[in-house]
Each structure stands twice: as structure tokens, then as C-alpha cells.
Amino acid sequence: MSPRRDRPVALITGAGRRVGAVTARTLHAAGYDLALHYRHSADDARALADELERQRGGSTLLLQAELAELPALPALIEQLLAYYGRLDALVNNASAFFPTPLGTATPQQWNALFASNAQAPFFLSQAAIPALREARGGIVNMIDIYAERPLAEHAVYCMAKAALAAMTRSLALELGPEIRVNGVAPGAVLWPSDSKPYADQQAMLARTPLQHAGTPDDVAGAVLWLLRDARYVTGQIIRVDGGRTLSV
Ligand SMILES: NC(=O)c1ccc[n+]([C@@H]2O[C@H](COP(=O)([O-])OP(=O)(O)OC[C@H]3O[C@@H](n4cnc5c(N)ncnc54)[C@H](OP(=O)(O)O)[C@@H]3O)[C@@H](O)[C@H]2O)c1
């Protein structure tokens, strides 16, 4: 293991693009050095690392992995510790999201959705426990309001995120007092590229008390708060959904 750094270190999965990349910028600006995990988005992840390195040299480490390969996950933590010598925060952000209409869902789809949304967060967290304990650190799991209120034709995704919500509470129970474990449940923040039609999006936002979509910065701010500031909070899942869960 390399000598322990002065700055806190965070590992973010799926950090190359979208919400993961914004969370990376937010934590980096708050003083965290980063391990940026990516799977296919190598160009985006490298560009992000270059951007952050220009701001603070030696502050990023790129880690490539298919998170469905569960036996390989402890090696990611080992690589990180070999480079940084400490781990203070794990953000389980990577996620597969696609429909599985009843009557068509396959075991392969089940495995893909559960691998990134539930199994990898569990096994990565498990591998990170000793380092997080030493750092008195934290885990934040990116969940979804659909873990509570199902999205039609997405039963397997909703079930996988519900497993991640259950994991958040179980780990919080078992890992205190040294490690806090919390979750963020976004509502509409960034639409997927094959998202629902614009009119449907607007109708859904009109039913949301704050009447607009959130931004990745809204989500990243909640992650930072849970990791850095919420010293007496564990086992909680913060909805960042503009109040959408309140409306029918
Ligand atoms: N966007 C929203 O409005 C919204 C709403 C509710 C919840 N959320 C949650 O917030 C988090 C971030 O959302 P997002 O929309 O930014 O996510 P996203 O773009 O759908 O996915 C983030 C990254 O996950 C990685 N990933 C997926 N499957 C993987 C696997 N098997 N192994 C390794 N990496 C894998 C991909 O990395 P590569 O590109 O490198 O392959 C992808 O870029 C997710 O957990 C999501 O469920 C988002």
C-alpha cells in the first residue's frame, strides 16, 4: 500500500458520464481525490480525469471494470489502496436501466440489472469495509424513487433498486459506528437517450410540486452532504425528486 494521502479519497462507479461525472467534479471541488471507475466510456473518463488533473495534479485514478464480474471487484479496491493508501467514500452510482415488460423478461436481463444495481454495490462495499472503517468513511448508494413507486414495464429494475435500498439499511445497521451508509433517490434528473416522449415528460413534471426536472448538480450536492456533512445520519435515503413522490 502506498503512503496514506492527506486528502480524503472517493471511489465513484460509472463516473465517466452524466450524473457520475458531475458527482466526481463536485467531490473533487470539495477536496476529495478520486478513483473514477468506468466500463465502456473510456474517452469520457479520460477527458474528465485530464480536466481534474489540470486543477490538481495526482488527484485522479482511472479504474476500468465490468461490474458484473463480481470476483474481480476486490481487485479494484486493492488497486485504489495501492495508489492512494486510503479510502474515505464509496459512491455506488453505476447502473443498467432498461425495460423488461412482463412476458418478455429474460434471465440475462435479470442478471444484468441486478449485477450493476445490487450485486456489485454489495460486493464492492464488502471489499471496501476495512479501508472505510479505518477512515471512518461513508457509502452512498444511488437508488431511484422507482424503488418505492414502480415504473411500468421496469419490474426487474425496480426490484434491483429496492434491493439496493434494503442493502443501504442493512449495511448502515452493521457498519456503525465507523461507517455511515446512505442513499440518494433521484427523480427525473437526466432523461435516458431513449426516454419517454417530450409531452409525457412535461405532463409528469407538471404533477411534480417543484414543476421542473432536477439537475445532476442537485444529486451531487446530496451525495456530498451525506458524505461530508451528515455526521449523525446513517441508513437514510434522501429523495431528490422535486417532491414528485408526494403526487399521485
Ligand atoms: N438520470 C436520472 O434521471 C436518474 C433517475 C433516477 C435514478 N438515477 C440513478 O442515478 C445514477 C446515475 O444516473 P445516470 O443516469 O447518470 O446513470 P447512467 O448514465 O444510466 O449509467 C451510469 C454508468 O453506469 C455504468 N454501468 C452500467 N452498467 C455497468 C456494468 N455492468 N459495469 C460497469 N459499469 C456499468 C455505465 O458506464 P460506462 O458508460 O463506462 O459503460 C454508465 O455510464 C444511477 O444509479 C441511476 O440509476 C438516475
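Throughout what follows, the structure given in this document is the object of discussion. (Residues numbered from 1 in each chain as written. Predicted model: local features only at pLDDT ≥ 70, side-chain atom pairs only at ≥ 80, totals over all residues. Heavy atoms only, no water.)

Below, the discussion takes up the overall build of the chain. Across its full length, the chain carries 7 helices and 7 strands. Starting at the N terminus and walking to the C terminus, you meet the elements of the chain as β-α-β-α-β-α-β-α-β-α-β-α-α-β. When the 248 residues of the chain are sorted by exposure, 51% land in the buried category. Expressed as a percentage of contacts within the chain between residues at least 6 apart in sequence, the contacts between residues at least 24 apart total 75%. For the chain, the exposed area adds up to about 11,800 Å²; of that, 55% sits on carbon and sulfur atoms. Averaged over its 23 positive side-chain charges, the chain has a centre that lies 4 Å from the centre of its 23 negative ones. (Helix = DSSP H or I, 4+ residues; strand = E, 2+ residues; numbered from the N terminus. Buried < 20%, exposed > 50% of the residue type's maximum accessible area, 1.4 Å probe, protein only. Contact = heavy atoms within 4.5 Å. Areas by Shrake-Rupley, 256 points an atom, 1.4 Å probe, with all protein chains shown as cover. Lys, Arg positive; Asp, Glu negative; His and termini not counted. Charge placed at Lys NZ, Arg CZ, Asp CG, Glu CD.)

Moving on: the packing of helix α4 (residues 107-135) against helix α5 (residues 155-175). Between α4 and α5, whose axes approach to 8 Å, the crossing angle comes to 15°. Relative to α5, the element α4 is oriented roughly parallel. For the pair α4 and α5, the crossing hand works out as right-handed. Along the contact surface, α4 presents Trp 110, Leu 113, Phe 114, Asn 117, Ala 118, Pro 121, Phe 122, Ser 125, Ile 129 and Arg 133, while α5 presents Val 156, Tyr 157, Met 159, Ala 160, Lys 161, Ala 163, Leu 164, Met 167, Leu 171, Glu 174 and Leu 175. A class-by-class count of the residues in the contact of α4 with α5 yields 16 nonpolar, 2 polar and 3 charged. (Axes fitted to C-alpha atoms, helices over the stretch in contact; angles between N-to-C directions. Parallel < 35°, antiparallel > 145°, perpendicular 65-115°, else oblique. Left-handed = near helix turned anticlockwise from the far one by under 90°. Nonpolar A, V, L, I, M, F, W, Y, C, P; charged D, E, K, R; others polar.)

Right, let's talk about the pairing of strand β6 (residues 180-186) for a bit. By the criterion of burial, β6 is predominantly enclosed, with 7 of the 7 residues buried. Both faces of β6 are covered, namely the face carrying Arg 180, Asn 182, Val 184 and Pro 186 and the face carrying Val 181, Gly 183 and Ala 185. In the sheet, strand β5 (residues 138-142) pairs with β6 via 5 bridges, with the strands oriented parallel. Note on β6: the bridge partner recorded for Gly 138 is Arg 180. (Pairing = 2+ DSSP bridges.)

Scanning the model with the defined rule gives 10 salt bridges in all. In this structure, the salt-bridge partner of Arg 39 is Glu 66, at a minimum N-O distance of 3.9 Å. Placement of the pair is Arg 39 in the loop between β2 (33-38) and α2 (42-55) and Glu 66 in the loop between β3 (60-64) and α3 (73-84), with a sequence separation of 27 residues. With relative accessibility at 31%, the residue Glu 66 sits in the partly exposed group. Here Asp 88 and Arg 86 are joined by a salt bridge, their closest N and O atoms 2.8 Å apart. Note on accessibility: Asp 88 and Arg 86 belong to one class, buried. (Salt bridge = Lys/Arg side-chain N within 4 Å of Asp/Glu carboxyl O.)

What follows covers the packing of aromatic side chains. Scanning the model with the defined rule gives 4 aromatic pairs in all. Ring geometry for Tyr 83 versus Tyr 84: centroids 4.8 Å apart, planes at 80°, classification edge-to-face. Looking at Tyr 84, the relative accessible area reads 0%, which means it is buried. Geometrically, the ring pair formed by Phe 97 and Tyr 157 is edge-to-face, given 4.7 Å between the ring centres and 80° between the ring planes. Of the two residues, Phe 97 sits in the loop between β4 (89-92) and α4 while Tyr 157 sits in helix α5, which places them 60 residues apart along the sequence. Overall, the relative accessible area of 33% leaves Phe 97 in the partly exposed class. Residue class for Tyr 157 comes out buried when judged on its relative accessible area of 4%. (Phe/Tyr/Trp six-rings, centres within 6.5 Å; stacked < 30°, edge-to-face > 60°.)

Around the ligand, the structure places 27 residues, and the nearest of them are Arg 18, Arg 39, Ser 41, Glu 66 and Asn 93. At 3.1 Å from an oxygen atom of the ligand is found a main-chain nitrogen or oxygen belonging to Ser 95. Between the ligand and the protein, one listed contact pairs an oxygen atom with a backbone N or O atom of Val 189 at 2.9 Å. Surface burial for the ligand is 90%, taken as the share of its 880 Å² of free accessible area covered by protein chains. Going through the elements one at a time, α1 (18-29), β2 and α5 are the ones with two or more residues in the shell around the ligand. The residue inventory of the shell around the ligand, partitioned by class, reads 13 nonpolar, 8 polar and 6 charged. (Near = heavy atom within 4 Å. Polar contact = N/O pair within 3.5 Å; in protein donor to acceptor, adjacent residues only side chain to side chain.)

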